[in-house]
Amino acid sequence: MKITTILCCSVLIAFGLFAAVYALAGFDLLLFFCAGNGAVYRAVLSLAGVAAGWLVFWLIAFRPLKPLS
């Protein structure tokens, strides 16, 4: 469970860095890593949705921020 959460966080951080490079430089780094293949590009992008869904589930199920209030 902990490894999955750490993996999903790292995937979302990587996608955020790729988006920042694209926004600042206009170069799509993710498309470069996918060698221009559209199917692989969409498959890798779907990982961001799965990672975000997992983190939403984790935040609802385990409420890690509850002790802060």
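Since we're looking at a predicted model, the values are computed, not measured.

Asker: So what exactly am I meant to see when it comes to the overall build of the protein here?
Answerer: Helix and strand content of the protein: 3 helices and 0 strands. Since a compact globule built from 69 residues should have a radius of gyration of about 11 Å, the 15 Å found for the protein marks it as more spread out than a globular shape. Taken along the three principal axes of its C-alpha coordinates, the protein extends 45 × 25 × 15 Å. Summarising the internal contacts of the protein: among those between residues at least 6 apart in sequence, 57% fall at separations of at least 24.

Asker: Explain helix H1 (residues 2-25) to me, please; I cannot follow it from the model alone.
Answerer: An α-helical segment advances 3.6 residues per turn. Residues three or four places apart therefore align on the same side. In this model, H1 (24 residues) spans 34 Å end to end at C-alpha, consistent with the 34 Å of a helix rising 1.5 Å per residue. Residues of H1 that are buried include every one of Thr5, Cys8 and Phe15, and no others.

Asker: I keep staring at the side chain of Thr5 and nothing clicks. Help me out?
Answerer: Mapped onto the elements, Thr5 comes out in helix H1. Those residues in contact with Thr5, other than ones at most four positions away along the chain, are Trp54, Leu55 and Trp58.

Asker: I would appreciate a short explanation of the packing of H1 against helix H3 (residues 38-62) in the present structure.
Answerer: Relative to each other, H1 and H3 sit at 130°, their axes nearing to 9 Å. Taken together, the axis directions place H1 and H3 in an arrangement best described as oblique. In this structure, H1 crosses over H3, and the sense of that crossing is left-handed. Together, Thr4, Thr5, Cys8, Cys9, Val11, Leu12 and Phe15 of H1 and Val44, Leu45, Leu47, Ala48, Ala51, Ala52, Trp54, Leu55 and Trp58 of H3 make up the contact between the two elements.

Asker: How should I be thinking about H3 in this particular structure?
Answerer: With 25 residues, H3 should cover 36 Å at 1.5 Å per step; its first-to-last C-alpha distance of 36 Å lies within 8% of that length. Within the span of H3, buried status applies to Ala48, Ala51 and Leu55. Elements that come into contact with the buried residues of H3 comprise H1. Sitting at the head of H3, Asn37 places a side-chain oxygen 3.2 Å from the backbone nitrogen of Ala39.

Cut-offs applied
Residues numbered from 1 in each chain as written. Predicted model: local features only at pLDDT ≥ 70, side-chain atom pairs only at ≥ 80, totals over all residues. Heavy atoms only, no water. Helix = DSSP H or I, 4+ residues; strand = E, 2+ residues; numbered from the N terminus. Rg over C-alpha atoms; globule rule 2.2 N^0.38 Å. Contact = heavy atoms within 4.5 Å. Expected span 1.5 Å × (residues − 1). Buried < 20%, exposed > 50% of the residue type's maximum accessible area, 1.4 Å probe, protein only. Axes fitted to C-alpha atoms, helices over the stretch in contact; angles between N-to-C directions. Parallel < 35°, antiparallel > 145°, perpendicular 65-115°, else oblique. Left-handed = near helix turned anticlockwise from the far one by under 90°. Polar contact = N/O pair within 3.5 Å; in protein donor to acceptor, adjacent residues only side chain to side chain.

Limitation: the analysis is restricted to geometry and does not speak to function.
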